[in-house]
Amino acid sequence: MSTFKSKSQNLSVEQISRNLNAAGIPPEFGEDNSRLLVKAWRTLAKGQPLTNSDIELISDEVGIAYEKADEFLRQVTERGSDDNIIGLMGLSLNQEWAHRVNIKGKSLRTWCAWDTLFLPAMLDASVVVESESPVSGVTVRLIVTPEGVESSTPEGAVVSIATI
């Protein structure tokens, strides 16, 4: 079992997950919106913005009315000036975000460090992550697979998250 250490306690991954769920992270989307999210993430990971036509195709594939899919996605996306989706629940084409990810040769970004750890499972892909430590300025490099962190440089790198 993996554990994360804090100054006052060792928490299992399961306990951290329970604490985050109790705080509403991630929100409960239901089966339909969860399928929509995964399909939209995987489409965005190809490196192009999602257009209304893309959303129509995705919503048809997952069996959701376009209007319902569009309403939900407007709550969880980053949009370009043309209203196309350029970011979705942590994964982004917007190069201004700090955390760089390489997914199957495509250079994208994530909204926060935490996103780099769960997105490989959602994308069913290995991801190379690079980000500068906000404390030391050192570049942290990870290879994250759907199963977990495969390697990290520097050794012993950590991600902090409040679990109160």
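Everything below is about the structure shown above.
Throughout what follows, the structure given in this document is the object of discussion. (Residues numbered from 1 in each chain as written. Predicted model: local features only at pLDDT ≥ 70, side-chain atom pairs only at ≥ 80, totals over all residues. Heavy atoms only, no water.)

Time to look at unusual backbone geometry. Of note, the amide linkage connecting threonine 153 to proline 154 takes the cis form, showing an omega dihedral of 0°. The residue proline 154 is located in the segment after strand S10 (148–153) in this model. The phi angle at aspartate 83 is positive, at roughly 75°, despite the residue not being glycine. Along the polypeptide, aspartate 83 turns up in the loop between strand S3 (77–79) and strand S4 (85–88). We note that aspartate 124 has phi near 55°; this positive angle belongs to a residue other than glycine. When its relative accessible area of 52% is taken as the criterion, aspartate 124 is described as exposed. (Helix = DSSP H or I, 4+ residues; strand = E, 2+ residues; numbered from the N terminus. Buried < 20%, exposed > 50% of the residue type's maximum accessible area, 1.4 Å probe, protein only.)

To continue, consider the packing of aromatic side chains. Applying the stated criterion across every chain yields a total of 2 aromatic pairs. Residues tryptophan 97 and tryptophan 111 carry aromatic rings whose centres are separated by 6.2 Å and whose planes lie at 40° to one another, so their mutual orientation is tilted. One end of the pair, tryptophan 97, is in the loop between strand S5 (91–92) and strand S6 (99–103); the other, tryptophan 111, is in the loop between strand S7 (106–110) and helix H5 (115–123), with 14 residues separating them in the sequence. A residue is classified by how much of its surface remains accessible, and tryptophan 111, at 28% relative accessible area, is partly exposed. (Phe/Tyr/Trp six-rings, centres within 6.5 Å; stacked < 30°, edge-to-face > 60°.)

Strand order in the open sheet made by the 8 strands is S3-S4-S5-S7-S6-S8-S9-S10, with antiparallel pairing throughout. One side of each edge strand has no neighbouring strand; the edge strands of this open sheet are S3 and S10. Here strand S8 (residues 127–132) runs beside strand S9 (residues 139–145); their pairing, made up of 6 bridges, is antiparallel. Within S9, the residue paired with serine 131 across the bridge is valine 140. Lying over the sheet, helix H4 (residues 66–76) contacts S3 and S4, oriented at roughly 85° with respect to S3. (Pairing = 2+ DSSP bridges. Contact = heavy atoms within 4.5 Å. Axes fitted to C-alpha atoms, helices over the stretch in contact; angles between N-to-C directions.)

Here the focus is the pattern of salt bridges. With the rule as written, the count across this model stands at 10 salt bridges. Across the salt bridge formed by arginine 100 and glutamate 132, the nearest N and O atoms sit 3.0 Å from each other. Of the two residues, arginine 100 sits in strand S6 while glutamate 132 sits in strand S8, which places them 32 residues apart along the sequence. On the basis of relative accessibility, which here comes to 35%, the residue glutamate 132 falls in the partly exposed class. (Salt bridge = Lys/Arg side-chain N within 4 Å of Asp/Glu carboxyl O.)

Moving residue by residue along a regular strand, the side chains alternate between the two faces of the sheet. In S6, alternate side chains face the same way, and those of His99, Val101 and Ile103 are buried while those of Arg100 and Asn102 on the opposite face are not. Here S6 folds back onto S7, and the loop between the two strands holds 2 residues, one of which, lysine 104, carries a positive phi near 50°. Relative to S8, S6 runs antiparallel, the two being bridged by 4 bridges. Across the sheet, the residue bridging to arginine 100 is glutamate 130, located in S8.

Looking now at the side chain of threonine 116. Structurally, threonine 116 can be placed in helix H5. For threonine 116, the side chain forms a polar contact with the main-chain oxygen of alanine 113, separated by 2.6 Å. Contacts of threonine 116, omitting those with residues within four sequence positions, involve His99, Val101, Thr110, Val129 and Val144. (Polar contact = N/O pair within 3.5 Å; in protein donor to acceptor, adjacent residues only side chain to side chain.)

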